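Summary of the model geometry
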Amino acid sequence: MEVGVIWAVVGGALAVFLAGCGSAIGIGLAGQAANGVLSEDPKKFGSLLILAALPGTQGIYGFLFGIMVFMKLGFIGGAGLVSVTVGQGWLIFGASLPIAVTGLISGIHQGKVSAAGAGVAAKQPGDFMKAVIMSALVETYAVLGLLTSILLLNGITVA
Amino acid sequence: MSDDTRYAYAVGRIRALEPRLLDKSRFDSLVEARNAEEVLKTLSDTVYGPFLAELKETRGFEEALNGELKSVLRLVSDLSQDTELTDIFRLRYDFHNLKVLLKIKGLGSQLPSSKSRPLIDAGLIGPVKMENIVEEDDYRELPRELRMAAEKAAKAFRETHDAQRIDVILDREMYALFSQRTRENGHPFLREYVQICVDLTNIRSVLRVRELKKDKSFFGEVFLEGGKLDKSLFLKSYEEPMNNFALLLSATSYGALVSEGIKYRQEHRSWSELERLADNHLISFLKRAKYIVFGLEPIVAYFLARENEIKMIRMIMVGKLNGLAVDLLRSRLRDVY
Amino acid sequence: MHLSVNPNRMELLRLRKRLFLARRGHKLLKDKQEELMKRFLSLSEESKKLREGVEEKLRAAYNNFLSARGVMPGEMLEEALLCPGREATVITEVVPVMNLRLPHFELVEEGDIFCYGLVGTSGNLDIALSLFSEALPSMMRLAEVEQWIELMAEEIERTRRRVNALEYILIPNLEETIRSIGMKLSERERGNLTRLMKVKEMVSGR
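Cut-off values and rules
- Residues numbered from 1 in each chain as written.
- Chains lettered and ligands numbered in written order.
- Predicted model: local features only at pLDDT ≥ 70, side-chain atom pairs only at ≥ 80, totals over all residues.
- Heavy atoms only, no water.
- Axes fitted to C-alpha atoms, helices over the stretch in contact; angles between N-to-C directions.
- Helix = DSSP H or I, 4+ residues; strand = E, 2+ residues; numbered from the N terminus.
- Parallel < 35°, antiparallel > 145°, perpendicular 65-115°, else oblique.
- Left-handed = near helix turned anticlockwise from the far one by under 90°.
- Contact = heavy atoms within 4.5 Å.
- Buried < 20%, exposed > 50% of the residue type's maximum accessible area, 1.4 Å probe, protein only.
- Salt bridge = Lys/Arg side-chain N within 4 Å of Asp/Glu carboxyl O.
- Polar contact = N/O pair within 3.5 Å; in protein donor to acceptor, adjacent residues only side chain to side chain.
- Nonpolar A, V, L, I, M, F, W, Y, C, P; charged D, E, K, R; others polar.
- Buried area = accessible area lost by both parts, 1.4 Å probe.
- Domains from an automatic or database assignment.

Looking at the packing of helix α6 (residues 83-107) of chain B against helix α7 (residues 127-136) of chain B
Residue and element names in this part refer to chain B. Across the interface, α6 lies against α7 with an axial gap of 10 Å and an inter-helix angle of 45°. Considering their axes alone, α6 and α7 lie oblique with respect to each other. You can see that α6 and α7 cross each other, and the crossing is right-handed. Seen from α6, the contacting residues are Asp-94, Asn-97, Leu-98, Leu-101, Leu-102 and Lys-105; seen from α7, they are Pro-127, Met-130, Glu-131, Val-134 and Glu-135.

Topic: unusual backbone geometry
All names here are of chain B. One non-glycine residue, His-161, lies in the positive phi region at around 55°. With respect to the helices and strands, the residue His-161 is situated in the loop between α8 (144-160) and α9 (163-184). Residue classification places His-161 among the exposed residues on the basis of a relative accessible area of 61%. Although it is not a glycine, Arg-269 adopts a positive phi angle of roughly 50°. With respect to the helices, strands and loops of the structure, Arg-269 is situated in the loop between α14 (255-268) and α15 (272-286).

Concerning the interface of chain B and chain A
The interface is formed by 16 residues belonging to chain B together with 14 residues belonging to chain A. The interface formed by chain B and chain A contains three salt bridges. In this structure, Glu-18 of chain B and Lys-123 of chain A form a salt bridge, with 2.8 Å as the shortest nitrogen-oxygen distance. On inspection of chain B and its partner chain A, the count reaches four residue pairs in polar contact (both at pLDDT 80 or more). The residue makeup of the side of chain B that touches chain A, split by class, is seven nonpolar, two polar and seven charged.

Let's talk about the interface of chain C and chain B
Listed as interface residues are 33 residues of chain C and, on the opposing side, 43 residues of chain B. Of the roughly 3300 Å² buried at the junction of chain C and chain B (both faces included), carbon and sulfur atoms supply 59%. Taken as a group, Glu-79, Leu-118 and Val-119 of chain C account for 21% of the area that chain C buries against chain B, more than any other trio of residues on that side. At the junction of chain C and chain B, the tally comes to five salt bridges. Residue Asp-126 of chain C pairs with Arg-208 of chain B through a salt bridge whose shortest N-O separation is 2.7 Å. Contributions of two or more residues to the side of chain C that touches chain B are made by α1 (9-71), α2 (74-80) and α3 (123-205) of chain C.

A few points about the environment of Val-318 of chain B
Mapped onto the secondary structure, Val-318 of chain B falls in helix α16 (residues 297-321). The buried category is assigned to Val-318 of chain B, whose relative accessible area is 5%. Considered as a pair, Val-318 of chain B and Glu-240 of chain B are 78 residues apart in the sequence and their alpha carbons are 36 Å apart. If near-sequence neighbours (up to four positions away) are discounted, Val-318 of chain B is found in contact with Phe-61 of chain B together with Leu-66, Arg-69 and Gly-70 of chain C.

Focus on the side chain of Ser-80 of chain B
Residues and elements named next belong to chain B. Looking at where Ser-80 falls in the secondary structure, it is placed in the loop between α5 (61-79) and α6. Of the polar contacts made by the side chain of Ser-80, one reaches the backbone nitrogen of Asp-82; its length is 3.0 Å. With residues up to four places along the chain from it excluded, the contact list for Ser-80 reads Tyr-7, Thr-86 and Leu-296.

Comments concerning the packing of helix α2 (residues 24-32) of chain B against α16 of chain B
The packing of two helices is summarised by the inter-axis angle and the distance between the axes. All names here are of chain B. With their axes 10 Å apart at the nearest point, α2 and α16 run at an angle of 15° to one another. Considering the angle they form, α2 stands roughly parallel to α16. In this structure, the crossing between α2 and α16 has a hand that is right-handed. Contact residues: Phe-27, Leu-30, Val-31 and Glu-32 in α2; Glu-309, Met-312, Ile-313, Ile-316 and Lys-320 in α16.

Some remarks on the domain arrangement of chain B
All names here are of chain B. Per the domain assignment, the segments of chain B are domain 1 (1-82 + 296-337), domain 2 (90-185) and domain 3 (187-292). Just the C-alpha atoms count here: the centres of domain 1 and domain 2 sit 27 Å apart. In this assembly, domain 1 packs against domain 2 so that about 520 Å² is buried in total across both faces, 54% of it on carbon and sulfur atoms. The largest per-residue losses of area from domain 1 upon contact with domain 2 belong to Lys-70, Leu-73 and Glu-307, which jointly make up 62% of the total buried on that side. Where domain 1 packs against domain 2, one counts one salt bridge. Notably, a salt bridge pairs Glu-307 with Arg-92, separated by 2.3 Å at the nearest N-O pair. In this structure, the connection of domain 1 to domain 2 is made through three residue pairs in polar contact (both at pLDDT 80 or more). Taken together, the elements giving at least two residues each to the side of domain 1 that touches domain 2 come down to α5 and α16. Of the residues forming the side of domain 1 that touches domain 2, the biggest block, four residues, is contributed by α5.

Have a look at this one:
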């Protein structure tokens, strides 16, 4: 096994792992807040589910990028492993950083915004969509991170 | 501002409860009610409803209010991750029960029967247990600070046979405990809350003590430490007219409420306005907690808002039962959280 | 209506003495009634003023107490007032005024009304208690004065009945009786005189 592949795999794994952590923490926070509201007002389940699920996208993005990396490396698809130089391995590692880091941080913060949004949903159910929009604003940066990562990955050609 | 994510669930729950606080328009309709029965009827679809349903007569309305108070205290205890801090709200009732029992013990023969003792079952220690502790004069079972306070008060009473000493000492010890706990646990919001409480109490104390024609040394005894305002500030204008005291405070955030309160006092011989403005000052401080997503603040603020609400309902009920004019009652209402 | 007495000189003298006495008594009672009335009026004036003052004070005190009650939980208010700091005793004695025995109350107060802590108690409680304690001496005086007024009213009533009895019944009766006895006596005298003259005529005609 070459060192290049190792770096590339670490990069892909990092994207899945960090973005997943971000989402888990985010959903954890938003979910707790949502449960708090639900314990007093179970009728709000629908709107609270949306809020609690919003921070979940980062994990999906990370997972998606991870799959793309592994496909590129040939772990998936049956074409057999491709050979990757050390330099290419580092490049793939670098390409996975944007989604990994933005996924982690935006996930946590989206969770906080969603938790605050749960408060809005509890107090002013009419303004619930505004809270969703606020939470979605954080999402932008995870999307940008994913976009950057994919563009970078596509730019790297491996034999 | 603290960002304590342990409180995500708790804050969510509090946010769901906050809409159930009575709002301004609800209070307006309570004030307009024709009589006490109508007030209770208006309250029946609120959180007080279940407690009111058990009520046998209108005059016993305070049981319903106490019921809600207890359930809010229980909620705060359940949700709080810093019981050291939130316990201060329950300790108030322990101090109250201590005062009652020490005084009753001091009265000796004229003991009111156990049932009619004005104890409140909302503290950390149940009234029955507290009764036994005071009866046997053995305070070892109490938490450390409470024990020291109780022993100090009991000793002072034995020496002076002055029941007022019990109140004065326990009040001072209670606030010393609050200040110490909030300082040690480094919770800025609660710490500032206690400081404001101390300041407001001191302001009211100095004006009342002066009105009662007590000397400086008596004020020194009832003065509470731990506030933002220094003791010397209170003593500086002690012998001068009250307006000078208001001038001294004009640079602080209490300036307006003190001068307004003194003005009302001079016109109507009543401290109602000062007390109302002091309560409003606290409520406006609590409103900061609305912008905190994770932390103890919203829980504390919710509890204090409920307490304020209970106070207002009591005021309206007392007013209605005694036929107070609607306008007067309306002018006494506090802000809502 | 004249009294049923024997119309003789003895009775006449006795009745004259009684009339004299009744007139003097009437004058005395009249004076007493006037004096009582004078005092009664000034007392009722005082009582009216006192009552207004007391009511004013009590109203203010109750209002302050109510607003203190409004902001304090019942238990805390009770705790504050559990050990009263001031003790008041009332000393009663009886003073004689004219022939009345009027009660007199004296209030002795000891200690301080302010007997509770300042934390958690309303400032209006202080004001209510001081108003109550300000009202207490006036209330005692009011109780005294009202009792006096009652007793005096009774006394005035009684005196007036006596004066009236003397003025409209006894004195006129006595006067009438005296007059009728006098008339009877002079009638009898005239009868005697005629009889004597007749006898004298009969004796000298012989």
